[in-house]
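Fold and contact review
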Amino acid sequence: MPKNIVQKILDDHLVEGQPVAGLEVGIKIDQTLTQDATGTMAYLQFEALGFEKVKTEVSVSYVDHNTIQDGFENADDHKYLETVAQKYGICFSRPGNGICHQLHLERFGCPGKTLLGSDSHTPTGGGLGMIAVGAGGLDVAVAMGGGPFYLSYPKVIKIDLQGKLSPWVSAKDVVLKVLEILSTKGNVGVVVEYGGKGVETLSVPERATIANMGAELGVTTSVFPSDNLTRAFLKAQGRDGCFKPVAADDDASYDRIIHVDLSALEPLAATPHSPGNVKRLAEIAGTKVQQVCIGSCTNSSYRDLMLVAGILRGKKIAPHVSLALACGSRQVLEMIGRNGALADIISAGARVMENACGFCIGNSLAPATGSVSVRTNNRNFFGRTGTESAQVFLVSPEAAAACALAGELVDPAKFLSGQKYPVVDMPDKFLIDDSLIVRPPEKTAKVEIVRGPNIGAPPSNDEYPMALSGVVAICLKDKVTTDDIMPAGSRMKYRSNIPKYAEFVFEREDKTFPSRAMENKKKGLHNIIVAGESYGQGSSREHAAICPMYLGVKMVVAKSIERIHKANLVNFGIVPALFANPADYESIKQGDLLEVKDAYTGIEKGELSLANSSTGAVIVLKVDLSERQKQIVLAGGLINLTRSRTKAG
Ligand code: MIC
Ligand code: SF4
């Protein structure tokens, strides 16, 4: 049977289940990545599960999120991560080396392989022809220990690219166009596969930009073919040994095909406060801009920054603009440093930041009150920058540079029409220096894991209650992101300390939530979260499930729940339930007392009857879980289940 790329790679890695769209399958994971903000918990869980060594082909622990170090917490985490890596056979990328996704593309990713990462932008690896998927840290811990990763066998949407991008139109505009077409919701269980003649016109970093921001569609991942350009990229990284062509069969079938003519695209922007609010830059031009930030795992490759330098060379940014630059990796920074491009950017007036997530995760460069910030990253969720009143527009590096010069939103094609579009040739050889990657010892060595006071233990949970007697602890709207549930930014340093981090659950929605939920828990009441569509969009942070679990949340009832967050809820013993009739959402209010008499049987059956004692209404809920997931939830989470099996076995 002819196969598409997704089917080829998944079927090669299938260890459990039937390859039928919608059914749960288990796949073997070849590579894993973690970053520091999710990594500490992932490795604490790896330890708690009792594994002796990682069993993957390669596992890498990156430090890129928590690099501010305004206190001992981040440095404690780094030391823990470094020593854990040494002990269990993991490569450790030291702070200063760069952002996990950019680095993984440069130094580790290989076509045809599977990659699981505790970060939602892991699909960046799809630019190299990998099936690269984001997941919660516990799922990554299991995969590091050699266990399968479970996912719903996906439907595949093909994006057929034809033509060639015009000057000033960029890969970012391609993915923004796809976001305009598919939106940020309703794409759970889908993989996007790129194909068509237009693919040959896009370099690997451009493909990676598109695959990266595919995360905002809510799809499982995005993937490109692996072809001669992939081979050339790997060769320039000194890694063509792992090249392998990956292509769909000619008559492969797809669940849907979308045609995108690259030649017809225009410079676009995602407008506040969602990556899916896409508009043409020409349409919104003229708005005054106070800040421009260039960088992040979406747009900080050598190619991106050479383009920026080409645009800024010999010019000065508008006097009221603050321009910041954060390179994706040390390789990129050193290369543009050596060839003079960095000097052009600095001379134009840019502030040069560390090679890290930085502004993208809101731990630096919070914009001024009420200001407009133009950024090249992938998310403009409300409040993510650290300034709730700021308006964030997401654009390409070309557009960002043009806006910095103009001091307002501009279409780069119009604003820079007098200038030649800079030509950036992909280097035949990138500057390769892996000295900030600490490899684990070849032979087992005695390694003492360093645990400073910031390193807590993963919290425990009880078995699922036979009956739920709960209270609606909070009622939320549509598209609540994991940033809304568990803020990052300045709170991120508590990722390894659950009781402390739990003090900030729903901080932006309702500061009293943690204390109310804790009081309910102490009174023996189960907390229930009620939400609208696409609950848990965005980041993979499993803390958005762990911290609510710690506060006694036993169920989320929503109109729909996003893939990674649903898996995280299950892993921590919280039932992800959906309204059978979405209109019932209107009938529930915060503070209502709810009851589910026979929760156990209901979870087994996939249907729960929820009695609202405050209104007298009875509502039907659907609980769509695989047999494996039911066992996890009923055991009170994956760690409990694994431990009970180890004891029994
Ligand atoms: C993000 O972009 O939101 C993050 C920070 O990289 C997260 C991971 C995290 O919360 O640590 C992600 O995308 O998964
Ligand atoms: Fe880091 Fe931002 Fe990328 Fe997340 S999206 S990995 S915070 S650069």
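Look up a bit, the structure's there.
Here is a short report on the structure shown in this document. (Residues numbered from 1 in each chain as written. Chains lettered and ligands numbered in written order. Predicted model: local features only at pLDDT ≥ 70, side-chain atom pairs only at ≥ 80, totals over all residues. Heavy atoms only, no water.)

**A closer look at the nonpolar core**
Grouped together as the largest cluster of nonpolar side chains are 103 residues, with contacts concentrated most on Y464, F506, F513, Y535, M555, V575 and L621. Element by element, the count of residues in this core is highest for helix α5 (residues 137–144), at six residues. Core analysis: the next-biggest nonpolar cluster, separate from the first, contains 66 residues, F108, V289, I336 and L405 among them. (Core = buried A, V, L, I, M, F, W, Y, C linked by side-chain atoms within 4.5 Å. Buried < 20%, exposed > 50% of the residue type's maximum accessible area, 1.4 Å probe, protein only. Helix = DSSP H or I, 4+ residues; strand = E, 2+ residues; numbered from the N terminus.)

**Notes on the pattern of salt bridges**
Within this structure, the stated rule accounts for 31 salt bridges. A salt bridge links R207 to D227; its shortest N-O distance comes to 2.8 Å. Pair noted here: R207 is in helix α7 (residues 204–213) and D227 is in the loop between β11 (221–223) and α8 (228–236), with a separation of 20 residues, a long-range link. Residues participating in the shared-partner salt-bridge network are K28, D30, E57 and K113. (Salt bridge = Lys/Arg side-chain N within 4 Å of Asp/Glu carboxyl O.)

**A closer look at the site of ligand 2**
Around ligand 2, the neighbouring residues are H65, H101, D119, H121, S296, C297, C357, C360, I361, N378 and R384. Looking at the shell around ligand 2, its residues break down into four nonpolar, five polar and two charged. (Near = heavy atom within 4 Å. Nonpolar A, V, L, I, M, F, W, Y, C, P; charged D, E, K, R; others polar.)

**Regarding the sheet that holds strand β2 (residues 24–27)**
With antiparallel pairing, the three strands of this open sheet are ordered in space as β1-β2-β8. This sheet does not close on itself; its edge strands, each paired only once, are β1 (14–16) and β8 (149–152). Strand-to-strand, the axes of this sheet are offset by a mean angle of 45°, without reference to chain direction. Pairing of β1 with β2 involves two bridges; the strand directions are antiparallel. Across the sheet, the residue bridging to L14 is I27, located in β2. (Pairing = 2+ DSSP bridges. Axes fitted to C-alpha atoms, helices over the stretch in contact; angles between N-to-C directions.)

**Details of α7**
Taken across its 10 residues, α7 has 10 buried, putting it largely inside the fold. For α7, the set of buried residues is V204, P205, E206, R207, A208, T209, I210, A211, N212 and M213.

**Brief notes about the site of ligand 1**
Around ligand 1, a shell composed of 14 residues is seen, among which D119, S120, R495, S540 and R541 lie nearest. In the model, an oxygen atom of ligand 1 is placed 2.5 Å from a nitrogen or oxygen of the S120 side chain. Between R495 and ligand 1, the recorded distance is 2.8 Å, taken from a side-chain N or O atom to an oxygen atom. Here ligand 1 loses 97% of its free accessible area of 330 Å² to cover by the protein chains. Here the shell around ligand 1 is composed, by residue class, of two nonpolar, seven polar and five charged. (Polar contact = N/O pair within 3.5 Å; in protein donor to acceptor, adjacent residues only side chain to side chain. Areas by Shrake-Rupley, 256 points an atom, 1.4 Å probe, with all protein chains shown as cover.)

**Regarding the pairing of strand β22 (residues 526–530)**
Successive residues of a regular strand alternate their side chains across the two faces of the sheet. Within β22, five of the five residues are buried, leaving the element largely enclosed by the surrounding structure. The pairing of strand β21 (residues 468–475) with β22 spans five bridges and is classified as parallel. Bridge pairing links C475 to V530 in β22. Here four bridges tie β22 to strand β23 (residues 553–558), and the two strands are oriented parallel to one another. Across the sheet, the residue bridging to V530 is V557, located in β23. Traced from β22 through helix α18 (residues 543–550) to β23, the parallel crossover comes out right-handed. (Right-handed = clockwise from strand over helix to strand, strands pointing away.)

**A word on the packing of helix α6 (residues 171–182) against α7**
In contact at an axis separation of 8 Å, α6 and α7 are set at 30° when each is read in the N-to-C sense. Our classification of the angle between α6 and α7 gives roughly parallel. Here α6 and α7 pass one another in a crossing that is right-handed. Along the contact surface, α6 presents A171, K172, V174, V175, L176 and L179, while α7 presents E206, T209, I210 and M213. Residue classes in the contact of α6 with α7 are distributed as seven nonpolar, one polar and two charged. (Parallel < 35°, antiparallel > 145°, perpendicular 65-115°, else oblique. Left-handed = near helix turned anticlockwise from the far one by under 90°. Contact = heavy atoms within 4.5 Å.)

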